Amino acid sequence: MTGPQQRPTGPEQPTDAEQPTGAEQPTGPEQLSGPEQAGGVERPVGPEQAAGSEQAGGSEPVGGVRRSGLRNPDKAVRGLGAGTMSLEALVLLLAIQPIRVVGGDLSGAAIGAIVALAVACVVLAGMMRRPWAWHAGTVIQGLLLLSGLLHWSLFALGVMFALVWAYALHVRRVILG
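Everything quoted here is computed from the prediction, not taken from an experiment.

### A short note on the overall build of the chain
For step 1, the next point in the chain: Summing up its helical and strand segments, the chain has 5 helices and 0 strands in all.
For step 2, the next point in the chain: Its helices and strands in sequence order give the chain the pattern α-α-α-α-α, from N to C terminus.
For step 3, the next point in the chain: Here the chain, with 177 residues, has 24% of them falling under the buried criterion.
For step 4, the next point in the chain: In the chain, the proportion of contacts linking residues at least 24 apart, taken out of those at least 6 apart, comes to 58%.

Given below as structure tokens:
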């Protein structure tokens, strides 16, 4: 060779001693290992793959560790909770006028309850990093259902958002475990 670790260029060819023999060359994909088996690209091996914890042909690891495929599952779940709370606050505030016009008499207590629940939803949307915020969100849904005693349409909104919140809790449980 012309230098350390350099391949010959031009008319220089490696001698017979430098060329691999037929016994040294892999002949099929079953004899390849490492980067050659992966098509020349070395892929990192995670701890669950290195230990051989995955079942044959399945994507669910044996040890019960489930990967969501998200880069930051905690942040994604917090975003879901915050988005749900923000949407609920917006709908509650925007529902005041249509309820007054279509639904009949909306008392001052009902309007106060709507505004208080909307403010609580906005505060909780900003605090979804705290574990207790998820429990507080469930309490908010219960309070919205109870505000149905002030007006029937608030009960209807409470049922809808309780279902949405239950789905958000389900997604949180699936992603975070």
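The rest of the description comes next.
### Details of a nonpolar patch on the surface
For step 1, the next point in the chain: A cluster of nonpolar side chains, Leu 93, Val 115, Val 119 and Val 123, forms an exposed patch at the surface whose accessible area comes to about 320 Å².
For step 2, the next point in the chain: Looking at which element gives the most residues to the nonpolar patch, the answer is helix 3 (residues 108–126), with 3 residues.
For step 3, the next point in the chain: Along the polypeptide, Val 119 turns up in helix 3.

### A look at the side chain of Thr 84
For step 1, the next point in the chain: Take Thr 84: it is sitting in helix 2 (residues 73–102).
For step 2, the next point in the chain: A relative accessible area of 8% means that Thr 84 is categorised as buried.

### Quick notes on the confidence of the model for the chain
For step 1, the next point in the chain: Per-residue confidence for the chain averages 77 on the pLDDT scale, and 62% of its residues sit at or above 70.
For step 2, the next point in the chain: This model gives residues 32–38 a pLDDT under 50, and the stretch forms 6 contacts once residues within four places in sequence are excluded.
For step 3, the next point in the chain: Residue range residues 45–59 is modelled with pLDDT below 50. Its contacts to residues more than four positions away, or to other chains, number 12 contacts.

### Looking at the packing of helix 3 against helix 4 (residues 132–146)
For step 1, the next point in the chain: Relative to each other, helix 3 and helix 4 sit at 165°, their axes nearing to 10 Å. By the angle class used here, helix 3 and helix 4 are roughly antiparallel. The handedness of the crossing between helix 3 and helix 4 is left-handed. Contact with helix 3, carried on its side by Leu 117, Ala 120, Cys 121 and Leu 124, involves Trp 132, Ala 133, Ala 136, Gly 137, Ile 140, Leu 143 and Leu 144 of helix 4 and no other residues of that element.
For step 2, the next point in the chain: Of the residues contributing to the contact of helix 3 with helix 4, the split by class is 10 nonpolar, 1 polar and no charged.

### So, helix 4
For step 1, the next point in the chain: In this model, helix 4 (15 residues) spans 21 Å end to end at C-alpha, consistent with the 21 Å of a helix rising 1.5 Å per residue.
For step 2, the next point in the chain: The secondary structure elements touched by the buried residues of helix 4 are helix 2, helix 3 and helix 5 (152–176).

### Observations concerning the packing of helix 4 against helix 5
For step 1, the next point in the chain: Running from amino to carboxyl end, helix 4 crosses helix 5 at an angle of 160°, the nearest separation of the two axes being 8 Å. Considered as vectors, helix 4 and helix 5 are oriented roughly antiparallel to each other. The element helix 4 and its partner helix 5 pack so that their crossing is left-handed. For the pair helix 4 and helix 5, contact is made by Trp 134, Gly 137, Thr 138, Gln 141, Leu 144 and Leu 145 and by Leu 154, Phe 155, Leu 157, Gly 158, Val 159, Phe 161, Ala 162, Trp 165, Ala 168, Leu 169 and Arg 172, respectively.
For step 2, the next point in the chain: Looking at the contact of helix 4 with helix 5 residue by residue, the classes come out as 12 nonpolar, 4 polar and 1 charged.

### Some remarks on the environment of Gln 97
For step 1, the next point in the chain: Relative to the helices and strands, Gln 97 resides in helix 2.
For step 2, the next point in the chain: It is 9.8 Å that separates the C-alpha atoms of Gln 97 and Ile 111, two residues lying 14 residues apart in sequence.
For step 3, the next point in the chain: Separated by 3.0 Å, the side chains of Gln 97 and Arg 100 make a polar contact.

### A few points about helix 3
For step 1, the next point in the chain: Look at helix 3: 27 Å from first C-alpha to last across 19 residues, which is about the 27 Å you get at 1.5 Å a residue.
For step 2, the next point in the chain: Turning to helix 3, its buried residues are Ala 110, Ala 113, Ile 114, Leu 117, Ala 118, Cys 121, Leu 124 and Ala 125. One face of helix 3 carries all of its buried residues, which in axial projection span an arc of 130°. With respect to the buried face of helix 3, the exposed residues turned more than 90 degrees away are Gly 108, Val 122 and Gly 126.

What counts, and at which threshold
Sequence positions are assigned chain by chain, starting from 1 and proceeding in written order. Local features in this predicted model are restricted to residues of pLDDT 70 or higher, and side-chain atom pairs are both shown and tallied only at a pLDDT of 80 or more, whereas totals for entire chains, interfaces and linings draw on every residue. Each side-chain value is worked out from all heavy atoms of the structure, with water and hydrogens disregarded. Helix and strand definitions here come from DSSP, where helices need a minimum of 4 consecutive H or I residues and strands a minimum of 2 consecutive E residues; each element is numbered from the N-terminal end. Any residue under 20% of the maximum accessible area for its type is buried, any over 50% is exposed, and the rest in between are partly exposed; the area is computed with a 1.4 Å probe on protein chains only. Two residues qualify as a contact provided that any one of their heavy atoms is within 4.5 Å of a heavy atom in the partner residue. Patches here are clusters of residues that have more than 30% relative accessible area and form no salt bridge, with a 9 Å joining cutoff for like charges and a 5 Å cutoff for nonpolar side chains (Val, Leu, Ile, Met, Phe, Trp, Tyr). Per-residue accessibility takes into account occlusion by the displayed protein chains alone, with areas from the Shrake-Rupley method and a 1.4 Å probe. Here a salt bridge means any side-chain nitrogen of Lys or Arg lying within 4 Å of a carboxyl oxygen belonging to Asp or Glu. The predictor rates its confidence in each residue with pLDDT, a number between 0 and 100. Geometry is summarised by axes, namely lines fitted to C-alpha atoms with helices restricted to the contacting stretch, and by angles between N-to-C directions that run from 0 to 180 degrees. Put simply, angles under 35 degrees are roughly parallel, angles over 145 are roughly antiparallel, angles from 65 to 115 are roughly perpendicular, and the rest are oblique. Each helix crossing is assigned a hand: it is left-handed if the near helix lies turned anticlockwise from the far helix by less than a right angle, otherwise right-handed if that turn is clockwise. Any residue outside Ala, Val, Leu, Ile, Met, Phe, Trp, Tyr, Cys, Pro, Asp, Glu, Lys and Arg is labelled polar, Gly included; the first ten of those are nonpolar and the last four are charged. One fewer than the residue count of a helix, multiplied by 1.5 Å, yields its expected span. Whenever two N or O atoms come within 3.5 Å, that pair is a polar contact, provided that in protein one can donate a hydrogen and the other can accept it, and provided that, for residues adjacent in sequence, both atoms are side-chain atoms. What the arc measures is the spread of directions leading from the helix axis to the C-beta atoms.

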